[in-house]
Amino acid sequence: MHWWRDAVFYEVYMPSFTDSDGDGVGDLHGVRSRLGYLELLGVDALWLSPIYPSPMVDHGYDVTDHRAVDPTWGDLDALEALVADAHAHGIRVTVDLVPNHTSDHHPWFRAALGSPPGSPERARYHFRPGRADGTRPPNDWLSVFGGPAWTREPPPTPCQGEANREGAERGSDEGRDQEWYLHLFSPAQPDLNWTNLEVWADLERTLRFWLDRGVDGFRIDAAHGMCKQLDSAGGSAYDDPRFDSDDVHDVHRMIRAALDHYPDRVAIGAVGVRTGTRFARYVRPDELHLAVDTRLSAVRFDADELRATIEDTLAAVDAVGAAATWALSDHDVTRPASRYGGGVTGLARARAMALVQLALPGAVYLYNGDELGLPDVELPDDARRDAVWKHAEHGRDGCRVPQPWETDLPAFGFTTGTPWLPVPDSYAALSAAAQLEDTGSTLSLYRRALELRRLHPGFTGSGLEWFGAPSGCLAFRRMGTTLVCALNTSTEPVPLPPGDPLLVSGPLDDGLLPPDTAVWLA
Ligand code: NOJ
């Protein structure tokens, strides 16, 4: 069996994991210094958020050069040293890839702005004339971050090429060809044009560049993006012509073909589509190896909803012979401990959901800090840094606060400088050091669960069998094994299914499974 089919991937959100040089932002040497911890935790592979040169408008998801390392994180040597050391610890390293867009500081985009409409430089992006004499965007598409998905290019400067010079000299916008460019995310992230073969060739080079340096694979950002139905009036399967176009599967076939030249590498799509069937198309045998299913993180703490989502995903991936990949959170969403209600209840539910997630057949994604049960942090306005997110007042900073490592060091051992987001005092008691020796801690629960997942025969089956369970509860086991996972989302304690408890997310109540609790029995 391929290693990735049941692997535990651990997301390292680069800015927030560990800072080795005192600039207050995490880096590659910082990650390297934590490999002992990651081995102790028991993860199989890392996913590093983008490490490429970037103006950091979206913390690395705005890339200016896909084949280099931003000095914020270190350099190529630091990456290679991390990969070598991680391998020595038995941990693989995958890196984020951002094929849907670049930074607006990318040399391609600068060249596009300096070139006239219709030029090959512009053809790497989506430039269009506006409606209503150029004053309104080409269509009404919205950006994922809020606001229009189009921005009108800035007025050309005198040095920006012959075609625009005349208008610039007149000092007015009149008569100039100020087009609009498409960005499904922020205006600082113009979308690439995936009908342009140069764009394809460039991604192939990027893949080989990193594979030759020994990385074990890629997490592909917005893997349902790339191809857009811009010039057709018809919608996609969801009447959303921005995403999940049939053409995107050709891109994934190319990615797969490139990886197939290297043994044991993996391509994992971050795929945000609405049904299991559409989702499974990304993991057909000649496409991506895995796709992260974030639908579990969008489900409420409710046994029926959880079961329906799990069944839908499993049926869909089974139909194409792929493994499922389960994620409860990442750097874009509220952490489980806060999302499930906050406080004692939120943490209890997050711990229970960890046992559900880790019992499911397939691969899993953990987000750094969830193994410590960290809650989101309410940050004061002047500390917030997520400037591109326009929907919620708070942005995504609350789940990105740096990881606490020690109890009594400044910034709890994350940095010797000033952390890029303030770390609250309440994180001291949740630090890795505080939790390592405490057998009741969330970190100990994760360590034991990951150990059992690795060693217990109950985790070998691939299918899932459901048991009858009281209302508000669910119980399942891997097909052909004896290990049962039961979860209680109701408000009453319920009897345990047969078997001896191996691991519980919280104390049992006189032999009953209390609300907000999960158990593994064998
Ligand atoms: C998804 C990433 O997870 C998110 O952080 C980023 O802002 C968008 N893609 C745009 O790249």
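Refer to the structure above for everything that follows.
Residues numbered from 1 in each chain as written. Predicted model: local features only at pLDDT ≥ 70, side-chain atom pairs only at ≥ 80, totals over all residues. Heavy atoms only, no water.

*Asks:* Which parts of the structure should I look at to understand unusual backbone geometry?
*Replies:* With the exception of glycine, most residues fall at negative phi, and the peptide bonds are largely trans. Of note in this structure, Ala132 is not a glycine but carries a positive phi near 50°. With respect to the element layout, Ala132 can be found in the loop between β4 (127–128) and β5 (150–152). One non-glycine residue, Asp510, lies in positive phi territory at about 55°. By the element assignment, Asp510 lies in the loop between β16 (501–504) and β17 (512–513). Of the residues examined, Asp510 reaches a relative accessible area of 77% and is grouped as exposed. (Helix = DSSP H or I, 4+ residues; strand = E, 2+ residues; numbered from the N terminus. Buried < 20%, exposed > 50% of the residue type's maximum accessible area, 1.4 Å probe, protein only.)

*Asks:* Which parts of the structure should I look at to understand the nonpolar core?
*Replies:* One broad trend across soluble globular proteins is that nonpolar side chains are buried collectively. By size, the foremost hydrophobic cluster in this structure holds 141 residues, and its most contacted members are Leu48, Ile51 and Trp520. Top contributing element to this core by residue count: helix α12 (residues 343–359), with eight residues. Apart from residues lying up to four places away in sequence, Ile51 is in contact with Met14, Leu28, Ala68, Val69, Asp70, Trp73, Leu79, Val95 and Trp210. Grouped together as the second largest cluster of nonpolar side chains are 12 residues, Ala149, Leu184, Phe185 and Phe243 included. (Core = buried A, V, L, I, M, F, W, Y, C linked by side-chain atoms within 4.5 Å. Contact = heavy atoms within 4.5 Å.)

*Asks:* Can you help me understand the packing of helix α6 (residues 197–212) against helix α7 (residues 248–259) in this one?
*Replies:* For any two helices packed against each other, one specifies the inter-axial angle together with the distance between the axes. Here α6 crosses α7 at 30°, and the two axes come no closer than 10 Å. Crossing of α6 over α7 shows right-handed handedness. Along the contact surface, α6 presents Trp200, Leu203, Glu204, Leu207 and Leu211, while α7 presents Asp250, Val251, Met254, Ile255, Ala258 and Leu259. (Axes fitted to C-alpha atoms, helices over the stretch in contact; angles between N-to-C directions. Left-handed = near helix turned anticlockwise from the far one by under 90°.)

*Asks:* Where do I start with the site of the ligand in this structure?
*Replies:* Taken together, Asp58, Tyr61, His101, Phe145, Phe185, Gln189, Arg219, Asp221, His331, Asp332, Arg396 and Arg400 make up the full set of residues near the ligand. With respect to the ligand, the side chain of Asp58 contributes an N or O atom lying 2.5 Å from an oxygen atom. Relative to its unbound accessible area of 290 Å², the ligand is 93% covered by the protein chains. Among the residues forming the shell around the ligand, the class breakdown is three nonpolar, three polar and six charged. (Near = heavy atom within 4 Å. Polar contact = N/O pair within 3.5 Å; in protein donor to acceptor, adjacent residues only side chain to side chain. Areas by Shrake-Rupley, 256 points an atom, 1.4 Å probe, with all protein chains shown as cover. Nonpolar A, V, L, I, M, F, W, Y, C, P; charged D, E, K, R; others polar.)

*Asks:* Explain the sheet that holds β5 here, please?
*Replies:* What the three strands build is an open sheet, ordered β4-β6-β5; its pairing is antiparallel. Edge positions in the sheet fall to β4 and β5, since each has one partner strand and no second. In this structure, β5 lies alongside strand β6 (residues 180–182), joined through three bridges in antiparallel fashion. Bridge pairing links Arg152 to Trp180 in β6. (Pairing = 2+ DSSP bridges.)

*Asks:* Hey, could you run me through the pattern of salt bridges in this one?
*Replies:* Between side chains of opposite charge, a pair can form when the charged atoms approach closely. What the rule picks out here adds up to 33 salt bridges. The partner of Asp140 in a salt bridge is Arg136, with the nearest N and O atoms 3.9 Å apart. Looking at Asp140, the relative accessible area reads 56%, which means it is exposed. For Arg136, a relative accessible area of 41% translates into the label partly exposed. With a closest N to O distance of 2.9 Å, Glu287 and Arg284 form a salt bridge. Accessibility expressed as a relative area gives 0% for Glu287, which makes it buried. A residue is classified by how much of its surface remains accessible, and Arg284, at 23% relative accessible area, is partly exposed. If you follow the salt bridges from partner to partner, you end up with Asp58, Asp332, Asp386, Arg396 and Arg400 in one network. (Salt bridge = Lys/Arg side-chain N within 4 Å of Asp/Glu carboxyl O.)

So far we have only geometry, and geometry alone does not tell us how the molecule works.
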